[in-house]
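# Fold and contact review
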There are 2 protein chains.
Amino acid sequence: MNQLFSDRILNSKKSFIREILKVTSNKDIISFAGGLPNPISFPTSALRDAMTTVTDKNGSHIFQYATTEGYLPLREYIAKRYQIKHGLSINAEDILITSGSQQGLDLIGKVFLNKSDSILIEKPGYLGAIQALSLYEPHFHQVDLLEDGVDLDQFKTRLAQDTMKLFYSVPNFQNPTGLTYSRANRQALGLMLTHTQTVLIEDDPYGELRFFGEDLPYIQSFSNCPSILLGSFSKIVTPGMRIGWICTTHPQIMEKLIIAKQASDLHTNYFAQRVIYQYLIDNNLEEHISHIKKLYKEQCEAMVSSIHKYFPENIKVTQPEGGMFLWVTLPKYLSSLKLFELASELKVAFVPGEPFYIGEIPQNTLRLNYTNSDIQTIDKGIRRLGEAIHKLIKNTVTY
Amino acid sequence: MNQLFSDRILNSKKSFIREILKVTSNKDIISFAGGLPNPISFPTSALRDAMTTVTDKNGSHIFQYATTEGYLPLREYIAKRYQIKHGLSINAEDILITSGSQQGLDLIGKVFLNKSDSILIEKPGYLGAIQALSLYEPHFHQVDLLEDGVDLDQFKTRLAQDTMKLFYSVPNFQNPTGLTYSRANRQALGLMLTHTQTVLIEDDPYGELRFFGEDLPYIQSFSNCPSILLGSFSKIVTPGMRIGWICTTHPQIMEKLIIAKQASDLHTNYFAQRVIYQYLIDNNLEEHISHIKKLYKEQCEAMVSSIHKYFPENIKVTQPEGGMFLWVTLPKYLSSLKLFELASELKVAFVPGEPFYIGEIPQNTLRLNYTNSDIQTIDKGIRRLGEAIHKLIKNTVTY
């Protein structure tokens, strides 16, 4: 009997988080498990106005097939924002609009990875990237993420041990940890990568959501290796429209990405691109982002303060400067999977750390999202989680 | 020096049609090259109404992340349409919403194909499928498409020669030829596939656009092999929103497709799904499709009649019962690539047959699209093309 399915899909598990989210669809459960923006941050009425404007101004044309690269004025807008915010010399032809930045990861897999190529990601690393790239059957290597960025000694050793096809990083408010690479860390990584052929991927969906401190340059500013930035409107306008982008000034890489994009879905929803663009030119994006940051900063601070109130003292939590997540490290003898069960009984959910690791898996970590719950709910949920932790400690000691 | 790119992308060419479309972006050129619906067929104002209704009724929720499978009521609508129109026992859980049916092809590649697997497609075959599946590095085999469907002897021989992982077909008004499989042909193919493990893919973007004759059952109705249908709103509502679907009653296949979809782009634009669904329930789709069919039938007949007027007699043209394309076969000694050059000088464009073949390539075929030009333009363009053919014959005889 022949094998019906491909090796790549037989080796892919159902998403752990998907399964958890099914459990948490119960309305009674307070969920810190997802990675959802707060819907009160969506500019609903401005998007409604943008739709009617776009349709009334352009008629049927906006419902036609469109170019693979994306709507040119939108690409120009994105390029200009990189120029203004980061002083990068990026032009519209360096931007490819994608169906969310998740699709960017798929296209990167398509364009760069042969089966068994070695690639390097953070430990813990972004689950969506692990899923997307897994389908191209590479050998994953992980490098520890510390408070100020990647462990540089480990990074150096990994680069020396094996030819790494790419290094995938989330330098700002990383998912799952909320950690941010320091300037010094970025510089050191950039220098180590210079003149390697490792492709540097910087995925930056949260970069605009900085609560305090200053914006830092991308790692690519310190390097000459081939490099790619991934960006998205999901966290600053709307995730449901799936509008992201890939940015690279390397023309050959862009050419290959366009071929892969065309084969994958022809082009990204054109109407949605037009609506987002209309929204951007008719509204003050900076002001809108300020509102989101204020909201999330309060929610983040509320979660941290509730954690200090309800969790035992020997539990470590990251202090994010922005983004959407907190990372909790329990004492080594406690299991976050067991905690998940106890927490479910108390009607609160989170993501155990397991899916963010490849190979050796620490049992005592977990991710908390604070963006999609109000402050009262955060306090209530963290209180329940604190109870669950106390129960877990008691149970673990008892056995 | 290491190889920067993957083998799959190094072996992929830029799309031939993309390059042609660049030439035809010149406004003076009459283009029968693209595969675009006529924008006058888009229900622009009804879609505008659907957007405002959806936004006003639901608020911010429609801009949030959504499920990978797609919006349940839309999946139910599609399933019900299969029940009503084809008597198929399809339920919502058999439908996965995709970012255009092009993405369906990519997901099929991901889920079924290991490198070097043998797959079978029509000759000539749909270029978009060749591009999408190529990235999974299979061995393509082609089987001749005749007036009434696939060459059955060849099909039998191919199945006997090699284990075919899948058979990809466009049974209604095929792209590029406009040909339709007869009932007898479908039945014979279905029987030959029964109890094989070849996955039967029926891609049916044009099936609703039948100008005359009766709807025919899908090949899968005559077979027990694992099977998949691909569908799309691109030709009956709007292509720019990229809403297509995969339909399979095989639960394991669906499970794998969902995993692949999630890794590829998380989910399809949720807002667009809601808008399309609102459009479908607030409007009479059958009536709308009748308008499109009337329009395209007239354009098709105009093109055929102009061809009879302006082309030499020894040129063969298909007589489609629906869809968007005509297929022209020149006498064997004439080259459609040379014709393309002469036609460009006379400001008319088409797609030479070359990109629809793998391996041995007939030089004398070409595809004409009639849906995106009005009747006057069709006559003018076909007159120019007739002139170009007469020139080509003269030149070819002279040399």
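Conventions we followed
- Residues numbered from 1 in each chain as written.
- Chains lettered and ligands numbered in written order.
- Predicted model: local features only at pLDDT ≥ 70, side-chain atom pairs only at ≥ 80, totals over all residues.
- Helix = DSSP H or I, 4+ residues; strand = E, 2+ residues; numbered from the N terminus.
- Rg over C-alpha atoms; globule rule 2.2 N^0.38 Å.
- Buried ≥ 20, exposed ≤ 12 C-beta atoms within 10 Å, placed from the backbone.
- Contact = placed C-beta atoms within 7 Å.
- Nonpolar A, V, L, I, M, F, W, Y, C, P; charged D, E, K, R; others polar.
- Least-squares fit on C-alpha atoms with pLDDT ≥ 70 in both.
- Domains from an automatic or database assignment.
- Arc of directions from axis to C-beta.
- Pairing = 2+ DSSP bridges.
- Axes fitted to C-alpha atoms, helices over the stretch in contact; angles between N-to-C directions.
- Core = buried A, V, L, I, M, F, W, Y, C linked by C-beta atoms within 7 Å.
- Left-handed = near helix turned anticlockwise from the far one by under 90°.
- Expected span 1.5 Å × (residues − 1).

### With respect to the overall build of chain A
- Within chain A one finds 13 helices and 14 strands.
- Expected size for 399 residues packed as a compact globule is a radius of gyration near 21 Å; at 21 Å, chain A falls within 12% of this value.
- Seen along its three principal axes, the alpha-carbon backbone of chain A occupies a region of about 65 × 55 × 50 Å.
- With 399 residues in all, chain A has 53% of them scored as buried.
- Taking the contacts inside chain A whose residues are at least 6 apart along the sequence as the reference set, 77% of them involve residues at least 24 apart.

### Here we look at the interface of chain A and chain B
- In this complex, chain A contributes 62 residues to the contact, which on the side of chain B involves 62 residues.
- Of the residues in the side of chain A that touches chain B, the class split is 28 nonpolar, 24 polar and 10 charged.

### Details of the relation of the copies chain A and chain B
- Mapping chain A onto chain B calls for a rotation angle of 180 degrees and an axial translation of 0.0 Å; the resulting RMSD is 0.0 Å. What the superposition gives is, in effect, a two-fold axis relating one chain to the other.
- When the interface residues of chain A are mapped onto chain B, 100% of them are again interface residues, pointing to one common binding face.

### Observations concerning the domain arrangement of chain A
All names here are of chain A.
- We note that the domain assignment places domain 1 (7-42 + 287-398) and domain 2 (44-282) within chain A.
- A straight line from the C-alpha centre of domain 1 to that of domain 2 covers 25 Å.
- Of the residues lining the interface, 29 residues belong to domain 1; the matching set on domain 2 comes to 31 residues.
- Put simply, the parts of the chain that give the side of domain 1 that touches domain 2 at least two residues each are helix 11 (285-310), strand 11 (325-329) and strand 14 (365-369).
- No other element matches the 6 residues that helix 11 contributes to the side of domain 1 that touches domain 2.
- The residue makeup of the side of domain 1 that touches domain 2, split by class, is 16 nonpolar, 8 polar and 5 charged.

### Some details on helix 8 (residues 183-193) of chain B
All names here are of chain B.
- For helix 8, the complete set of buried residues consists of Asn185, Arg186, Leu189, Gly190, Met192 and Leu193. What you see down the axis of helix 8 is that its buried residues fit within an arc of 165 degrees, all on one side.
- In the core, the buried residues of helix 8 are packed alongside strand 5 (149-150), helix 7 (152-161), strand 6 (164-169) and strand 7 (199-203).
- His195 occupies a position one or two residues after helix 8 and carries a positive phi of about 70 degrees.

### Quick word on the sheet that holds strand 3 (residues 118-123) of chain A
Residues and elements named next belong to chain A.
- An order of 2-9-8-7-6-3-4-5 is seen for the 8 strands of this open sheet, with the pairing classed as mixed. Looking at the sheet topology across the chains shown, the edges are occupied by strand 2 (95-99) and strand 5 (149-150).
- Strand direction decides the pairing type here: strand 7 (residues 199-203) and strand 8 (residues 227-232), joined by 4 bridges, are parallel. Pairing of Leu200 across the sheet is with Ser227, part of strand 8.
- Where helix 5 (residues 100-112) meets the sheet, its contacts fall on strand 2, strand 6 (164-169), strand 7, strand 8 and strand 9 (243-247), and the angle it forms with strand 2 comes to roughly 110 degrees.
- Contacts from helix 7 (residues 152-161) reach strand 3, strand 4 (139-146), strand 5 and strand 6 within the one sheet, and its direction differs from that of strand 4 by about 160 degrees.

### Structural notes on the nonpolar core
- Counting residues in hydrophobic clusters, the biggest one holds 227 residues, and the most contacted among them are A:Ile276 and B:Ile276.
- If we ignore the near neighbours within four places in the chain, the residues touching A:Ile276 are A:Leu74, A:Phe233, A:Val237, A:Met241 and A:Ile243.

### So, the sheet that holds strand 14 of chain A
Residues and elements named next belong to chain A.
- Taken in spatial order, the 4 strands make up an open sheet running 10-11-14-13, and their pairing is antiparallel. Two strands bound the open sheet, and with one partner strand each, they are strand 10 (316-317) and strand 13 (351-352).
- Pairing analysis gives 2 bridges linking strand 13 to strand 14, with the strands arranged antiparallel. Following the sheet pairing, Val351 is matched in strand 14 by Arg367.

### Here we look at the environment of B:Lys156
- The topology assignment puts B:Lys156 in helix 7.
- By the C-beta count within 10 Å, which is 14 here, B:Lys156 ends up partly exposed.

### Some thoughts on the packing of helix 5 of chain A against helix 9 (residues 251-265) of chain A
All names here are of chain A.
- Relative to each other, helix 5 and helix 9 sit at 115 degrees, their axes nearing to 9 Å. Crossing hand, helix 5 versus helix 9: right-handed. Residue-level contacts link Asp106, Leu107, Lys110 and Val111 of helix 5 to Lys256, Leu257, Ala260, Lys261 and Ser264 of helix 9.
- Its residues assigned to classes, the contact of helix 5 with helix 9 shows 4 nonpolar, 1 polar and 4 charged.

### Some remarks on unusual backbone geometry
- The omega torsion across A:Lys123 and A:Pro124 is 0 degrees, close enough to zero to call that bond cis.
- Within the secondary structure layout, A:Pro124 lies in the loop between strand 3 and helix 6 (127-134).
- For the bond running from B:Asn175 to B:Pro176, omega is 20 degrees, close enough to zero to count as cis.
- Inspection of the secondary structure assignment puts B:Pro176 in the loop between strand 6 and helix 8.
- Even without glycine at this site, A:Phe173 takes up a positive phi of about 50 degrees.
- Tracing the sequence through the fold places A:Phe173 in the loop between strand 6 and helix 8 (183-193).
- We note that A:Lys347 has phi near 65 degrees; this positive angle belongs to a residue other than glycine.

### What about helix 4 (residues 72-86) of chain B?
Residues and elements named next belong to chain B.
- The terminal C-alpha atoms of helix 4, which comprises 15 residues, lie 21 Å apart, in line with the 21 Å expected from a rise of 1.5 Å per residue.
- Listing the buried residues of helix 4 in full gives Leu74, Arg75, Ile78 and Ala79. Taken around the axis of helix 4, the buried residues stretch over an arc of 140 degrees, which confines them to a single face.
- Its buried side turned inward, helix 4 meets strand 2 (95-99), strand 8 (227-232), strand 9 (243-247) and helix 10 (270-282).
- In the stretch just after helix 4, Gly87 is the one whose phi turns positive, near 65 degrees.

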